Amino acid sequence: MAMNTRKGFRFSTYEAPEQTPFDKLFDIFQELITHTSGDFDEAIDWLRELDKEYELTDDEYTIDDFIEELKAKGYIQEEFDDDAAGGEGEEGDENGGKGNISITAKMERLIRQRALDQIFGKIKRSGSGNHKTGKSGQGDEHTGDLREYRYGDGLEHISMTESLKNAQINHGMGSFTLNEDDLVVEDTQHKAQMSTVLMIDISHSMILYGEDRITPAKKVAMALAELITTRYPKDTLDILVFGNDAWPIPIKDLPYLKVGPYHTNTVAGLQLAMDMLRRKRNTNKQIFMITDGKPSCLRLPDGTYYKNSVGLDDYIVEKCYNMARQARKLHIPITTFMIAQDAYLMQFIRHFTEANKGKAFFTGLKGLGEMIFEDYETNRRKRLK
């Protein structure tokens, strides 16, 4: 007699995937090094404090062991000055080294990749990940679609395999003949390019009121840089920061970005962004601006600064509106990500966006990265049809 067996689910306590002691600490370290703007000593100090509170290490693997492994894997490097190199003794500092320790280019790239995974991994991915114009033609991306040869098609687009097969079918194998009617062409997709300038506000208000707004802004910039260089290599991304003035920064310096004792010269940022984009050959251009405060500063022709932190200064605001109109004439849309909820600031951004015919998002810190990437992808689809 057959016995009935019960079938069902068996539940057990969740066990996290096993991580090596290094991997466990490395995850935390990457987050800390971003928050400390690349300051290794400060990041390790925080890691030691967390270790005391949560017992992250044991006698078999200590923070000092972790530091040595970071060196061995090429994530950090030790730089000696003349005084340190000529000193005597073996004591060293508490980090196990005698010189200054900094992160390497390998670590910088990993931080950018981590930012991309954190932010871009949350939003919907689209198919093959390229941005097509929707028009076939003499482009550089093969589509796999075949059609008959037309006068003017380049020889490099002719599919020789399919064309020879047609010739055999149409004329037989006895006397091989290949004529124009046998030729088959593989369509190519013209892929448009986009030039983007990302403006990051580094005025003092980005760390006021107990909120760290610069770290998520940095993460967005790093993720955007990683996205473009890996998924859209034909696109360009320039990054600038603006405080009392505006200046460009290279992608590799993003982890070290800090807020300064600055006012907010939005006009200088927009002027520099448009100057950058004027030099691009691409027909598709856009500006992203991450800011949390009102424009409060202008540089006058004589080199002095006009500043007003009280309310919205009509003189400064009107200059901002003029810059928005100029960008519109150059067909450069501006997308503003406003990390503030003040009603009068939101009203300013609405007028600014209206002058440019661009876009504005009023957001907290949580969804900033997700929204900027959705807009980057959306801008491409809408503008490149």
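Residues numbered from 1 in each chain as written. Predicted model: local features only at pLDDT ≥ 70, side-chain atom pairs only at ≥ 80, totals over all residues. Heavy atoms only, no water.

Per an unreviewed UniProt entry, the protein chain goes by VWA domain-containing protein and derives from Zobellia amurskyensis.

Quick notes on the pattern of salt bridges
Following the criterion strictly, the structure yields 17 salt bridges and no others. The salt bridge partner of Glu-31 is Arg-114, with a shortest N-O separation of 3.2 Å. Of this pair, Glu-31 sits in helix α1 (residues 21–35) while Arg-114 sits in helix α5 (residues 105–120), and the two are 83 residues apart along the sequence. The partly exposed category is assigned to Arg-114, whose relative accessible area is 21%. A salt bridge links Glu-31 to Lys-219; its shortest N-O distance comes to 2.6 Å. Separated by 188 residues along the polypeptide, Glu-31 in helix α1 and Lys-219 in helix α7 (residues 214–231) bring together distant segments of the chain. Judged by its relative accessible area of 14%, Lys-219 falls in the buried class. Salt bridges sharing partners connect three or more residues here, namely Glu-31, Arg-114 and Lys-219. (Salt bridge = Lys/Arg side-chain N within 4 Å of Asp/Glu carboxyl O. Helix = DSSP H or I, 4+ residues; strand = E, 2+ residues; numbered from the N terminus. Buried < 20%, exposed > 50% of the residue type's maximum accessible area, 1.4 Å probe, protein only.)

A few points about the side chain of Arg-112
In this structure, Arg-112 sits in helix α5. Taking the relative accessible area as the measure of exposure, Arg-112 reaches 14% and is therefore buried. Excluding residues within four positions of it along the chain, Arg-112 makes contact with Met-222, Ala-223, Ala-225, Glu-226, Ile-251 and Lys-252. (Contact = heavy atoms within 4.5 Å.)

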